[in-house]
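Overview (structure and organization)
Here's the letter readout for the chains.
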Amino acid sequence: VGGVGQTTVAVSSGMQTGSLTQGWSYDAPVASSVSRSNGPATGGSVLTVSGAGLGTAGYSSAARVGGTACESSSWVSDSSLVCAVGSGVGGVGQTTVAVSSGMQTGSLTQGWSYDAPVASSVSRSNGPATGGSVVTVSGAGLGTAGYSSAARVGGTACESSSWVSDSSLVCAVGS
């Protein structure tokens, strides 16, 4: 599997060698489908990326989901590899799945999405109009510590919000 662009072709006859620069290039790998299209923001999903030109067993093919390398990727065949997806955030159909073989990359746009967050309850249901209340929002799919979580109350962003876990965040309600 070759590098980016074209490579040199060299021929020899006896003790003499001639070459043609930029005379050959390998096809870029192609990602055409994934075995599943979404998973939890905490990661841990395993997906199979199908396509073409993913190389050979002795050559390292890799995949990225939304710009982040898979926690692990395993070559299966020239048309398939398996990726363990890490944590992340993203709306439905907004994340690109990219495969690389050698120095070339192919991608499948809108190939993956993380599950949308769900708010199921709040620790208190009212507070003073002047603000200053602190509310714990419970739910699911609120992401991981490496991503900024946010909440809104009545259409207004919290003055501050801090991630606690995939199922909880704290919001300082403004006025």
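Let's shift gears to the side chain of serine 45. Tracing the backbone through its elements, the reader meets serine 45 in the loop between strand S4 (38-39) and strand S5 (46-52). In this structure serine 45 touches Arg36, Gly39, Pro40, Cys83, Ala84, Val85 and Trp112, once residues within four positions along its chain are discounted.

With that out of the way, let us pick up the state of the cysteines. Taken as a whole and assessed by the stated rule, the structure comprises two disulfides. In this model cysteine 70 forms its disulfide with cysteine 83; the gap between the sulfur atoms is 1.9 Å. An S-S torsion of about -95° defines the bridge between cysteine 70 and cysteine 83 as left-handed. Of this pair, cysteine 70 sits in the loop between strand S7 (68-69) and strand S8 (72-77) while cysteine 83 is found in strand S9 (residues 80-84), placing the two residues 13 residues apart along the sequence. Looking at cysteine 70, the relative accessible area reads 10%, which means it is buried. What makes cysteine 83 buried here is its relative accessible area of 0%. At a sulfur-sulfur separation of 1.8 Å, the disulfide partner of cysteine 158 is cysteine 171. Handedness of the cysteine 158-cysteine 171 disulfide follows from its S-S torsion of about -95°: it is left-handed. One end of the pair, cysteine 158, is in the loop between strand S15 (156-157) and strand S16 (160-165); the other, cysteine 171, is in strand S17 (residues 168-173), and 13 residues separate them in sequence. With relative accessibility at 12%, the residue cysteine 158 sits in the buried group. For the chain, the bonded cysteines pair up as 1-2, 3-4 when numbered in the order they occur along the sequence.

The next subject is the nonpolar core. A general tendency of soluble globular proteins is for nonpolar side chains to be buried together. By size, the foremost hydrophobic cluster in this structure holds 16 residues, and its most contacted members are Leu47, Val49, Val65, Cys83, Val85, Val99 and Trp112. Every element with two or more residues in this core is listed here: strand S3 (30-34), S5, strand S6 (61-65), S9, strand S10 (95-101) and strand S11 (104-114). Counting residues per element, this core draws most heavily on S11, at three residues. Beyond its immediate chain neighbours, meaning those up to four positions away, valine 65 contacts Cys70, Cys83, Val85, Thr95, Thr96, Trp112 and Tyr114. Counting eight residues, the second largest nonpolar core, distinct from the first, contains Val137, Leu142, Leu169 and Val173.

Attention shifts here to the sheet that holds S16. Taken in spatial order, the four strands line up as S12-S13-S17-S16 in an open sheet, and their pairing is antiparallel. The open sheet has two free edges, formed respectively by strand S12 (118-122) and S16, since each of these has just one partner strand. Ignoring strand direction, the axes of neighbouring strands in this sheet form an average angle of 30°. As paired elements, strand S13 (residues 133-140) and S17 share six bridges and run antiparallel to each other. Looking at the pairing, valine 137 lines up with leucine 169 of S17.

What counts, and where the lines are drawn
- Along each chain, numbering runs from 1 in the same order as the chain's sequence is written.
- Restriction of local features to residues with pLDDT of at least 70 applies here, the model being predicted, together with a cutoff of 80 or more for giving and counting side-chain atom pairs; totals for whole chains, interfaces and linings are based on all residues.
- Calculation of side-chain values draws on the structure's entire complement of heavy atoms; hydrogens and water are dropped beforehand.
- Think of it this way: any DSSP run of H or I at least four residues long counts as a helix, any run of E at least two long counts as a strand, and we number them from the N terminus.
- We call two residues contacting when some pair of their heavy atoms lies within 4.5 Å.
- Disulfides are defined as pairs of cysteine sulfur atoms found within 2.5 Å of each other.
- Three labels apply to residues, based on accessible area from a 1.4 Å probe with only protein chains included: buried if under 20% of the type maximum, exposed if over 50%, partly exposed otherwise in between.
- Buried residues of nine kinds, namely Ala, Val, Leu, Ile, Met, Phe, Trp, Tyr and Cys, make up a nonpolar core once their side-chain atoms join them within 4.5 Å.
- Pairing between strands is defined by DSSP: at least two bridges between the two strands are required.
- As a rule, the C-alpha atoms of each element are fitted with a line to give its axis, helices using only the stretch in contact, and angles between N-to-C directions run from 0 to 180 degrees.

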